[in-house]
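# Structural features, examined
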Amino acid sequence: MKRAYRLRKPQQFQRARREGRSWSSALVALNAVGNKRHGTRCGFVVGKRIGKAVERNRARRRLREAVRLALAQIAPGWDLVFVVRSPAVATVPFAELQTLVEQLLRRAGLWREPRETTG
């Protein structure tokens, strides 16, 4: 995921968790807060209870990729923090993880349907 689409500073994560709304599933939680930018930025949090560094990094990479593929359908102007809640994120089928991300974004009202192009 490109640098322009990422949350990088601890204050950005804290603002999303403190001021934003949250939605959760068994595997992943989403915190969202509006920003004054034209684009959406995403951050990913994986706690130590998920496992050792290898498992945490795998879970973070897989979730980041699922969000990257859905980035075009996410409404602009939001800071999103995805929090991994279960070690299963590292092992579930990737299509299931993508569906989970889409469901969370739909529940949050941040999912935009892709535009039909006629040619």
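These notes cover the structure that comes with them.

What counts and how
Residues numbered from 1 in each chain as written. Predicted model: local features only at pLDDT ≥ 70, side-chain atom pairs only at ≥ 80, totals over all residues. Heavy atoms only, no water. Helix = DSSP H or I, 4+ residues; strand = E, 2+ residues; numbered from the N terminus. Rg over C-alpha atoms; globule rule 2.2 N^0.38 Å. Buried < 20%, exposed > 50% of the residue type's maximum accessible area, 1.4 Å probe, protein only. Contact = heavy atoms within 4.5 Å. Areas by Shrake-Rupley, 256 points an atom, 1.4 Å probe, with all protein chains shown as cover. Lys, Arg positive; Asp, Glu negative; His and termini not counted. Charge placed at Lys NZ, Arg CZ, Asp CG, Glu CD.

Looking only at helices and strands, one finds three helices and four strands in the protein chain. Taken from the N to the C terminus, the helices and strands of the protein chain come in the order α-β-β-β-α-β-α. Since a compact globule built from 119 residues should have a radius of gyration of about 14 Å, the 14 Å found for the protein chain is in line with a globular shape. Taken along its principal axes, the extent of the C-alpha atoms in the protein chain is 45 × 35 × 25 Å. Scored against the burial criterion, the 119 residues of the protein chain give a buried share of 43%. The long-range share in the protein chain, meaning contacts at least 24 apart out of those at least 6 apart in sequence, stands at 80%. Total accessible area computed for the protein chain in this model is approximately 7400 Å², and 48% of it derives from carbon and sulfur atoms. The positive charge centre, built from 27 side chains, and the negative charge centre, built from 8, are 10 Å apart in the protein chain.

This next bit is on the environment of Val54. By secondary structure assignment, the location of Val54 is in helix α2 (residues 53–70). For Val54, a relative accessible area of 53% corresponds to the exposed category. In this structure the C-alpha to C-alpha distance between Val54 and Ala90, which are 36 residues apart in sequence, comes to 9.7 Å.

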